[in-house]
Structure formats: structure tokens, C-alpha cells
Amino acid sequence: MLRLRQMLSADADEVRRVDLLAWQDILPAKLRLTPRTRENILACRAVFPAGCLVAETRGRMIGFIFSRRWGTLGWVGTFGVLPEARGAGIGQRLLARAVAALKKSGCREIGLETMETS
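Small disclaimer: the values here were computed from a predicted structure and weren't measured.

**Q** Any chance you could break down the overall build of the chain for me, citing the residues and the numbers?
**A** A tally of helices and strands in the chain yields three helices and five strands. Each helix and strand of the chain, ordered N terminal to C terminal, gives the series β-α-α-β-β-β-α-β. At 14 Å, the chain has a C-alpha radius of gyration in line with the 13 Å of a compact globule built from 118 residues. In terms of overall dimensions, the chain has C-alpha extents of about 40 × 35 × 30 Å along its principal axes. Relative to its 118 residues, the chain shows a buried fraction of 38%. Per element, the accessible surface of the chain, about 6,800 Å² overall, is 55% carbon and sulfur.

Right under this line is the structure:
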């Protein structure tokens, strides 16, 4: 059963792991990622905690999303789903929940950050 919940500070290391695994097979070899730092994860979460979420199944994290808010402008940043969990609508559900949190907070415009290879 899929569970979406707000990201906690304690999730930082697992988010780092999922982030790296979610992107390593998508990006061209010349753009190989290094893991984000724990501090980076915590800083991203701190901007708008209500819109930073994780997806879990059977107690295992399989996806995440970051969003941020500046006044009435919302922004959805990095999100990822483990390769073996793709195709089940998890990314769509994370995105919908993040957008709902941004709207609830008063955002009137919401942007999406993406990469050419996405």
C-alpha cells in the first residue's frame, strides 16, 4: 500500500539515497550525479516543509518531492521515484499532493522545475 507523508528531517539520508538512484539511469553518463549533502536536503525541506513529501510502501521510501513557496508563487523542484517503482503513478500522486499544499498556502501561480532529459 502506498503512503504519502510529509518529509521529516530524519528522512534526509534516505532521500539522498532515493534521489541518487532515481536519477542515475535517466541522466546521460557525462552528467553522473554525486549524492546531495544532508545539509542540502535539509535546506530544501526547510523552505516549505508542508510541500516536501515522501512516498513509502511497506515502510520503504520509494519516492520524494520538494516544493517551495515565495509569497503567492509556488515552485515544484526535484522529485524522483525509484526505477523499479516507476509507472505506478507515484510521481503523479507526489506532484498532485505538493501542488495541493502550495495552493492551500495561498499560491496563485505554480511553476515546475525540470530537466531536458526528463
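From this point, things continue past the structure.
**Q** Would you mind going over the packing of aromatic side chains in detail, with residue names and values included?
**A** For the structure shown, the criterion picks out one aromatic pair. With centroids separated by 5.7 Å and ring planes inclined at 65°, the aromatic side chains of Phe64 and Phe66 adopt a geometry described as edge-to-face. On the basis of relative accessibility, which here comes to 0%, the residue Phe64 falls in the buried class. The class for Phe66 is buried, based on a relative accessible area of 3%.

**Q** Tell me about the environment of Asp13, residues and numbers included.
**A** Along the chain, Asp13 turns up in helix H1 (residues 12–24). C-alpha of Asp13 to C-alpha of Pro35: the two residues are 22 residues apart in sequence and 9.9 Å apart in space.

**Q** Just give me the short version of the side chain of Arg45, but keep the residues and values in it.
**A** Here Arg45 shows up in helix H2 (residues 38–47). Lacking a salt bridge, the buried Arg45 has Asp11 as its closest oppositely charged neighbour, with an N-O distance of 6.5 Å.

**Q** So, the packing of H1 against H2: which residues are in play, and what are the values?
**A** The geometry of H1 relative to H2 is characterised by a closest axis approach of 9 Å and an angle of 100° between their N-to-C directions. By the angle between their axes, H1 is roughly perpendicular relative to H2. Side by side, H1 and H2 meet where Ala12, Asp13, Val15 and Arg16 of the first sit next to Arg38, Ile41 and Leu42 of the second. When the residues that make up the contact of H1 with H2 are grouped by side-chain class, the tally is four nonpolar, no polar and three charged.

**Q** For the pattern of salt bridges, give the residues involved together with the corresponding values.
**A** Inspection of the entire model under this criterion finds eight salt bridges. Taking the shortest distance from any N to any O, the salt bridge between Arg17 and Glu14 comes out at 2.7 Å. One end of the pair, Arg17, and the other, Glu14, are both in helix H1, three residues apart, so they sit about a helical turn from each other. Of the residues examined, Arg17 reaches a relative accessible area of 32% and is grouped as partly exposed.

Thresholds applied
- Residues numbered from 1 in each chain as written.
- Predicted model: local features only at pLDDT ≥ 70, side-chain atom pairs only at ≥ 80, totals over all residues.
- Heavy atoms only, no water.
- Helix = DSSP H or I, 4+ residues; strand = E, 2+ residues; numbered from the N terminus.
- Rg over C-alpha atoms; globule rule 2.2 N^0.38 Å.
- Buried < 20%, exposed > 50% of the residue type's maximum accessible area, 1.4 Å probe, protein only.
- Areas by Shrake-Rupley, 256 points an atom, 1.4 Å probe, with all protein chains shown as cover.
- Phe/Tyr/Trp six-rings, centres within 6.5 Å; stacked < 30°, edge-to-face > 60°.
- Lys, Arg positive; Asp, Glu negative; His and termini not counted.
- Salt bridge = Lys/Arg side-chain N within 4 Å of Asp/Glu carboxyl O.
- Axes fitted to C-alpha atoms, helices over the stretch in contact; angles between N-to-C directions.
- Parallel < 35°, antiparallel > 145°, perpendicular 65-115°, else oblique.
- Contact = heavy atoms within 4.5 Å.
- Nonpolar A, V, L, I, M, F, W, Y, C, P; charged D, E, K, R; others polar.

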